[in-house]
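Structural features, examined
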Amino acid sequence: MTSATASSPATGTGEESAPLLPGRETWRALYRHIRPHRRVIALGALLALIGSASALAQPLAAKALVDRLGENGSITGILLFLTALVVFGTAVEAFGSYLLERTAESVVLAARRSLIGRLLRLRLPEVERTQPGDLMSRVTSDTTLLRSVTTQSVVSAATGALSTLATIVLMGVMDAVLLGVTLGVIVVIGAAIATVMPKIARATKRSQEAVGHISTVLERAFGAFRTVKASGAEERETAVVEAAAREAWRQGVKTAKWQSLAGASVGLAVQMSFLTVLGVGGARVASGAITVSTLVAFLLLLFYLIEPVSKLVNAVAQFQVGAAAVARIAEAERLETEEVKAEGPETEGPGTDGPAATGALPTPATTAPVAAAPAPVAAPVAATVAAPATATATVAATGGPTGPGPGPGPSPASVVFENVTFRYREGLPYVHHGVSFEVPGPGMTAFVGPSGAGKTTVFGLLERFYEATGGRILVDGRDVRDLPLAELRAAIGYVEQDAPVLAGTLRENLVFAAPDSSDEEIREVLARARLDALVERLPEGLHTPVGHRGSTLSGGERQRVAIARALLRRPRLLLLDEATSQLDAVNEMALRDVVAEVSREVTVLVVAHRLSTVTLADRIVVMDAGRVRAVGTHEELVANDPLYGELAATQFLAAER
Ligand SMILES: Nc1ncnc2c1ncn2[C@@H]1O[C@H](COP(=O)(O)OP(=O)(O)OP(=O)(O)O)[C@@H](O)[C@H]1O
């Protein structure tokens, strides 16, 4: 988000623009889009040719008709034939053009599907490097630029080249010298056109970047709409969007300028050739080298050349526009994605669900009892504090505990961090400097520590949103890197600190992580999360839309929806990033009871900001500056760890250092 603010309103695009692909790569990238449709495109081209051929036959038929009239013969037959020819020609052309337009839409759809299939699988660090609004504009706007380049201009280029070649051959047959003169002039002006072409690609790319920037700024503004208003930033944000829109206009006008210049140059080339041929041809007629009729025929051919050459030049200009689009699409395609399911077709429609969404909870092949887990490298202070809750450790081994929802649930997960080091990106400081702790399941483990200590990062690493730089993270004794992502995440319920709620109905939000939940399960979870009263109050109950990012819900309600959503997933490991101040006292107490209850059967990790949560925990991990400085119960830590004592004294609130 912040980098968008840094972008310059003057240019409209703050991000540095990646270069266009080299010509051959552009062609290859374009061809990749065309390849699956090459037969249909060839058929479209053939139909276009047949259409033009039948149009050419019309004057011949008309001539026959006039001749027949002169001979006083019957014209009915020819009239019928002429009518049939017109209808046939038009129908063939219309069908050919429909085929091409349809294929063009298919090319756009395929490009969009392939991008969409990647975007939601992008790795988190990649998304953090980019602007979501700009990525969206690549899916919506850039792909549309592929529409004409991949079909119409390919056909134009092919038919234009064919006709040009045929005309040139004919010209050569008539007089090689005049052809040489013509080609000389055309080459000079063609070279001028060639220098203009890359400018079209550059201007188009800048224009598309500006369009991307419009989406970025709007996305940013709508994402924090209240803040924008409260900060009185409407005008400033509008100015930034307007600047980007103006930049898109400026670049669009530039493209138009270069395109019309190229188009006009075709006419100029022919006119100049005409004059030159007239001069040279006149001299050749005078010297007797060629006849007058040859010169006239040559000049006619020269004018005939305008159309196919224009087609060619337009096709090349379109290719430049396509080059800008494929460069931006290729940039998005280069972003790293998470591993895709082995059996997965790229995208099989909007409803494709990962195994995580099937509602079936994966049970680990072996539920490693904590005792069997490798001994962690203890942090210096942690070693001095007795690890509590060893009694609960055996629960994991007994098997058969029930999940938070109805029916039997799978066993709780165990978590081990072994000397984990981590930084968000190369060049950034380390956030974890060898974090080690061991959490047997079930039970509640609270993470406390000053702001920025690296607590939330523990959750990000467990979900494998990021890969640890060093050390090992084990879930159920297995390295998370060896677990299929979908399996790992299916076992985890995650409640983020800002409890995101998505646009849609309340029900859609609740079942987001477990789409197959039954009404009974939903009802039960609603009651546990103290949301039943809210549902009764809402006009359409569970089917009430909650607005963009759940803006029609209160902060506390959003928090409870997020918790209910995580519980419906029936996780074996619940990650709860406690909000600092969202819930009122009554709801807070109620939810604390729910979490405590859940933690009897499930491994619960809480980034805790409230003393009341911490006192319920079976064990507390105290983090400071990317290290675990102590592990213990509340009483043990109050007695042994000064930082904890200090935090506890301030109720953990405002724990800034
Ligand atoms: N996506 C990210 N990219 C780069 N740096 C990050 C990112 N997320 C967090 N950080 C940095 O990593 C450090 C640890 O962040 P983390 O969110 O784990 O802290 P925390 O202990 O949970 O803090 P808090 O109690 O305030 O939520 C912070 O200095 C933060 O600025």
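Residues numbered from 1 in each chain as written. Predicted model: local features only at pLDDT ≥ 70, side-chain atom pairs only at ≥ 80, totals over all residues.

In terms of residue burial, strand β10 (residues 627-632) counts as a mostly covered element, since 5 of its 6 residues are buried. Sheet topology note: the strand β9 (residues 619-624)/β10 ladder contains 5 bridges and is antiparallel. Note on β10: the bridge partner recorded for Ile 620 is Gly 632. Adjacent in sequence and paired antiparallel, β9 and β10 are bridged by 2 residues, among which Ala 625 carries a positive phi angle near 50°. (Buried ≥ 20, exposed ≤ 12 C-beta atoms within 10 Å, placed from the backbone. Helix = DSSP H or I, 4+ residues; strand = E, 2+ residues; numbered from the N terminus. Pairing = 2+ DSSP bridges.)

Grouped together as the largest cluster of nonpolar side chains are 79 residues, with contacts concentrated most on Phe 447, Ala 564, Leu 575 and Val 622. In terms of residue count, helix α20 (residues 555-568) provides more of this core than any other element does, 7 residues in total. Residues contacting Val 622, with those up to four places away along its chain left out, are Val 448, Gly 449, Val 628, Arg 629, Ala 630, Leu 637, Asp 641, Leu 643 and Tyr 644. The next biggest cluster of nonpolar side chains, apart from the first, holds 52 residues, and it includes Ala 203, Phe 298, Ala 315 and Phe 319. (Core = buried A, V, L, I, M, F, W, Y, C linked by C-beta atoms within 7 Å. Contact = placed C-beta atoms within 7 Å.)

Attention now goes to the UniProt feature "transmembrane region" (unreviewed entry) in the protein. Residues annotated by UniProt as "transmembrane region" (unreviewed entry) correspond here to residues 40-61, 73-92, 154-171, 177-197, 260-280 and 286-306. Secondary structure over residues 177-197 splits into 100% helix and 0% strand, and the C-alpha atoms at its two ends are 30 Å apart. Secondary structure across residues 286-306 comprises 76% helix and 0% strand; the distance between its end C-alpha atoms is 28 Å. (UniProt positions renumbered as here; feature names shortened; annotations may be inferred.)

Moving on to the domain arrangement of the protein. Assigned domains of the protein: these are domain 1 (19-334), domain 2 (376-490 + 573-579 + 602-652) and domain 3 (492-570). One C-alpha centre belongs to domain 1, the other to domain 3, and the line joining them spans 51 Å. (Domains from an automatic or database assignment.)

In an α-helix, one turn spans 3.6 residues, which is why side chains three or four residues apart end up on the same side. The terminal C-alpha atoms of helix α13 (residues 306-334) lie 41 Å apart, and with 29 residues this matches the ideal 42 Å at 1.5 Å per residue to within 8%. Within α13, 21 of the 29 residues are buried, leaving the element largely enclosed by the surrounding structure. (Expected span 1.5 Å × (residues − 1).)

Time to look at unusual backbone geometry. Positive phi, normally seen in glycine, also occurs at Arg 464, with a value near 55°. Among the residues examined, Arg 464 registers 21 C-beta atoms within 10 Å and is labelled buried. If you check the backbone angles, Asp 476 has positive phi at about 55° while not being a glycine. Its place among the elements puts Asp 476 in the loop between β4 (470-475) and β5 (478-479).

Bringing the environment of Ser 106 into the picture now. Inspection of the secondary structure assignment puts Ser 106 in helix α4 (residues 76-119). The exposure class assigned to Ser 106 is partly exposed, which follows from the 16 C-beta atoms found within 10 Å. With 137 residues separating them in the primary sequence, Ser 106 and Ala 243 have C-alpha atoms 33 Å apart.

With mixed pairing, the 6 strands of this open sheet are ordered in space as β6-β7-β8-β3-β9-β10. Where the open sheet ends on each side, the last strands, each with one partner, are β6 (492-495) and β10. Pairwise comparison of adjacent strand axes, ignoring direction, gives a mean angle of 15° for this sheet. Sheet topology places strand β7 (residues 573-577) next to strand β8 (residues 603-607); 5 bridges connect them, and they run parallel. If you follow Asp 577 over to β8, its bridge partner there is Val 607. The strands touched by helix α15 (residues 455-462) are β3 (443-448), β6, β7, β8 and β9; relative to β7, the strand with the most contacts, the crossing angle is about 145°. Its contacts with the sheet place α20 against β6 and β7, and it is angled at close to 175° to β6. (Axes fitted to C-alpha atoms, helices over the stretch in contact; angles between N-to-C directions.)

Orientation of helix α11 (residues 234-287) relative to α13, taken along the N-to-C sense of each, is 155°, at an axis distance of 10 Å. Classified by the interaxial angle, the pair formed by α11 and α13 is roughly antiparallel. You can see that α11 and α13 cross each other, and the crossing is right-handed. In this structure, α11 uses Gln 259, Ala 262, Gly 263, Val 266, Gly 267 and Val 270 to contact α13, whose residues at the interface are Ile 306, Val 309, Ser 310, Val 313 and Ala 317. Broken down by class, the residue content of the contact of α11 with α13 amounts to 7 nonpolar, 4 polar and no charged. (Parallel < 35°, antiparallel > 145°, perpendicular 65-115°, else oblique. Left-handed = near helix turned anticlockwise from the far one by under 90°. Nonpolar A, V, L, I, M, F, W, Y, C, P; charged D, E, K, R; others polar.)

As a further point, take the environment of Leu 302. The residue Leu 302 is located in helix α12 (residues 292-304) in this model. The class of Leu 302 is buried, set by 21 C-beta atoms lying within 10 Å. Each C-alpha atom, one on Leu 302 and one on Thr 167, is 8.2 Å from the other, the two residues being 135 residues apart in sequence.

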